[in-house]
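Examining the three-dimensional arrangement
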2 protein chains.
Amino acid sequence: MRIITVSREFGSGGREIGKRLADIMGMDYYDREILSAISEKTKLDEHYIENTLNDGLFFHFPLTFGRTFGYMPDETSTSSLLAQQHRIIREIAEKGRDFIIVGRSADVILKEFAPFNVFVYADQADKIRRCRERGEHVNATDKEIIRQLKRIDRSRSECHALVSGEKWGEKSGYHLCVNTSGTDIRSITPLVAEFARQYFVKNK
Amino acid sequence: MRIITVSREFGSGGREIGKRLADIMGMDYYDREILSAISEKTKLDEHYIENTLNDGLFFHFPLTFGRTFGYMPDETSTSSLLAQQHRIIREIAEKGRDFIIVGRSADVILKEFAPFNVFVYADQADKIRRCRERGEHVNATDKEIIRQLKRIDRSRSECHALVSGEKWGEKSGYHLCVNTSGTDIRSITPLVAEFARQYFVKNK
């Protein structure tokens, strides 16, 4: 079974690379599908789940966590949702089909399956531009978008640290780190696919 | 003019990637040639120059630097050699020919020429193996090789900070970061070349 994980800075075009890779390699693709699966299991709203995971841990752990009061996570907490997410990602791998998964610390959750791990990043100006092009931030100032970029990346980093104890975005954890600034995603994705193929030849 | 800079962890195979890239792209190649040029200008021994640059700054700045005594670098000091190196790298660029350069903070020294910047790294076990294969460390223990790897990388990092004020090996400074562990350098170098070509198409 071949697995490719795509980790990415918010606004870097990582999701687009993931989708294109799935087309090129003919592999299953998982991204928001994971949120839908969590929603189905927990009966929680998909947007609630997304926002909770995107807000990171800071806003969801009680301030007294680990100090005076005992801490009992309920099923709506970030930690409980991360545990659900973990189980669902393992279930996908246990199907035994080749697949690509974007985000969600899948690189560490699936470590024993020796996935090919890509990290996608970009210069800040390009990330701002890409956010605007998505049409989600029509009236936002650059400063507001930057705050949003940082908040989501910080949350990814926090969740990653909780799942793995490793540092999100630290290049040693990935086989290839691709800066999408100054390049064209359509042109470079086939090269990322070829890097992955070379890796799978050596790591069968 | 197209310039590719290859920065690399010691023992990662970055120099081999640089040489192969030069063959594939039909570009001039600079690495130790820089040391020879410094040697010619300063009349200092090439090995002295190499060792001084590899030892980093710590051992060469007097302890009183910036404090009690005035500091006057002589022409054998690390900082003076770095300045020479800087001039020589600029002179190469001013020839106007396409080239590849390995190490020496060329990515920042040549910033205005919009080079394609690659960073090559590897897992520690592979770096140790590669050092042994080079035959330079036949009787060294793993621990001794690790100390050597760290010392040289720390020196590269220190020199880079002095030249650029930026962090060596921090992925945001590079267009592509390639982990050579679990891959075959001969197979992946043509892909790095293709990444560079795509970059030069967009950044003429």
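Below, the structure is looked at part by part. (Residues numbered from 1 in each chain as written. Chains lettered and ligands numbered in written order. Predicted model: local features only at pLDDT ≥ 70, side-chain atom pairs only at ≥ 80, totals over all residues. Heavy atoms only, no water.)

Focus on the overall build of chain A
As a reminder of what qualifies: Strands are runs of DSSP state E lasting at least two residues, helices are runs of H or I lasting at least four, and both sets are numbered from the N terminus onward. For every residue, the accessible area (1.4 Å probe, protein chains only) is compared with the maximum for its type, and the residue is labelled buried under 20%, exposed over 50%, or partly exposed between those bounds. Between two residues, a contact is recorded if the distance between any of their heavy atoms is within 4.5 Å. For the area figures, the Shrake-Rupley method with a 1.4 Å probe applies, and any residue is considered shielded solely by the protein chains shown.
Across its full length, chain A holds 8 helices and 5 strands. Counting helices and strands in the order they occur from the N terminus, chain A gives β-α-β-α-α-α-β-α-β-α-α-β-α. Relative to its 204 residues, chain A shows a buried fraction of 50%. Taking all contacts inside chain A whose residues are at least 6 apart in sequence as the whole, residues at least 24 apart take part in 72%. For chain A, the exposed surface amounts to about 10,100 Å²; the carbon and sulfur share of it is 49%.

Regarding the environment of Arg129 of chain A
All names here are of chain A. When you line up the elements, Arg129 lands in helix H6 (residues 124-133). Assessed through its relative accessible area of 37%, Arg129 is described here as partly exposed. For the pair Arg129 and Gly11, spaced 118 residues apart in the sequence, the C-alpha separation amounts to 8.4 Å.

Describing the packing of aromatic side chains
Residue and element names in this part refer to chain A. The condition that has to hold: Centres within 6.5 Å are what make two rings of Phe, Tyr or Trp a pair, Trp counting through its six-membered ring; a difference in plane orientation under 30 degrees is then read as stacked, over 60 as edge-to-face, and the rest as tilted.
If you walk through the whole model with that rule in mind, you get 13 aromatic pairs over all chains. Between Phe119 and Trp168, the ring centres sit 5.3 Å apart and the planes meet at 70°, which makes this aromatic pair edge-to-face. Of the two residues, Phe119 sits in strand S4 (residues 116-121) while Trp168 sits in the loop between helix H7 (142-164) and strand S5 (176-179), which places them 49 residues apart along the sequence. For Trp168, a relative accessible area of 15% translates into the label buried.

Looking at the relation of the copies chain B and chain A
Copies of the same chain, two in number, are related to each other by a rotation about an axis and a translation along it. Operational definition: The superposition of copies rests on a least-squares fit of C-alpha positions from residues with pLDDT of 70 or more in both.
Note on the identical chains: chain B maps onto chain A by a rotation of 180° and an axial translation of 0.0 Å, with an RMSD of 0.0 Å. The operation mapping one copy onto its partner corresponds to a two-fold rotation axis. Looking at the rotation axis and the C-alpha trace of chain B, the residue lying nearest is Cys177 of chain B, at 2.4 Å. When you check the interface residues of chain B against chain A, 100% turn up at the interface there too, and the contact is symmetric in its surfaces.

Points about the side chain of Asp107 of chain A
Residue and element names in this part refer to chain A. The cut-off we apply is this: For the purpose of charge, His is not counted, nor are the chain termini; Lys and Arg are scored as positive and Asp and Glu as negative. Take a side-chain nitrogen of Lys or Arg and a carboxyl oxygen of Asp or Glu: if they are within 4 Å of each other, that pair is a salt bridge.
Here Asp107 is to be found in helix H5 (residues 106-109). Although Asp107 is buried, it forms no salt bridge, and the closest oppositely charged side chain is Lys111 at an N-O distance of 8.0 Å. In contact with Asp107, other than residues within four places in its own chain, are Thr5, Ser7, Pro115, Asn117, His160 and Tyr174.

Section: the pairing of S5 of chain A
Note the threshold: Any two strands with at least two DSSP bridges between them are considered paired.
Here S5 of chain A shows two buried faces, one formed by Leu176 and Val178 of chain A and the other by Cys177 and Asn179 of chain A. As paired elements, S4 of chain A and S5 of chain A share 4 bridges and run parallel to each other. Looking at S5 of chain A, one finds that Phe119 of chain A is bridged to Cys177 of chain A. Alignment of S5 of chain A against strand S5 (residues 176-179) of chain B, held across 3 bridges, turns out to be antiparallel. The residue of S5 of chain B that forms the bridge with Cys177 of chain A is Cys177 of chain B.

Side note on the state of the cysteines
Residues and elements named next belong to chain A. Put simply, the rule is: For this text, the term disulfide refers to a pair of cysteine sulfurs within 2.5 Å.
For the structure shown, the criterion picks out 0 disulfides over all chains. Between Cys159, a cysteine without a disulfide, and Cys131, which holds the nearest cysteine sulfur, the sulfur-to-sulfur distance is 19 Å. Residue classification places Cys159 among the buried positions, given a relative accessible area of 8%.

A short note on the pattern of salt bridges
Residues and elements named next belong to chain A. Taken as a whole and assessed by the stated rule, the structure comprises 33 salt bridges over all chains. Between Asp98 and Arg2 there is a salt bridge; the shortest N-O distance is 3.1 Å. Here Asp98, found in the loop between helix H4 (78-94) and strand S3 (99-102), pairs with Arg2, found in the segment before strand S1 (3-8); they are 96 residues apart in sequence, far enough to count as distant. In this structure Arg2 comes out as partly exposed when scored by relative accessible area, which is 28%. The shortest N-O distance in the salt bridge between Arg129 and Asp126 comes to 3.4 Å. Taken together, the residues Arg129 and Asp126, both in helix H6 and 3 residues apart, mark about one turn of the helix. Of the residues examined, Asp126 reaches a relative accessible area of 21% and is grouped as partly exposed. Linked by salt bridges that have partners in common, Arg15, Asp31 and Arg104 make up one network.

Quick look at the packing of helix H2 (residues 32-42) of chain B against helix H4 (residues 78-94) of chain B
Residue and element names in this part refer to chain B. To keep things clear, this is the line we draw: The convention used is that axes are lines fitted to C-alpha atoms, helices contributing only their stretch in contact, and that angles between N-to-C directions extend from 0 to 180 degrees. By the definition adopted for this analysis, an angle is roughly parallel if under 35 degrees, roughly antiparallel if over 145, roughly perpendicular if from 65 to 115, and oblique otherwise. Whether a crossing is left-handed or right-handed is set by the direction in which the near helix is turned from the far one by less than a right angle, anticlockwise for left-handed and clockwise for right-handed. Nonpolar residues are Ala, Val, Leu, Ile, Met, Phe, Trp, Tyr, Cys and Pro. Charged residues are Asp, Glu, Lys and Arg, and all others, Gly as well, are polar.
Between H2 and H4, the least distance of the axes is 10 Å, while the angle of their chain directions is 115°. When the axes of H2 and H4 are compared, the pair comes out roughly perpendicular. Crossing hand, H2 versus H4: right-handed. In this structure, H2 uses Ile34, Ala37, Ile38, Lys41 and Thr42 to contact H4, whose residues at the interface are Leu81, Gln84, Gln85, Ile88, Ile89, Glu91 and Ile92. For the contact of H2 with H4, the class distribution of residues is 7 nonpolar, 3 polar and 2 charged.

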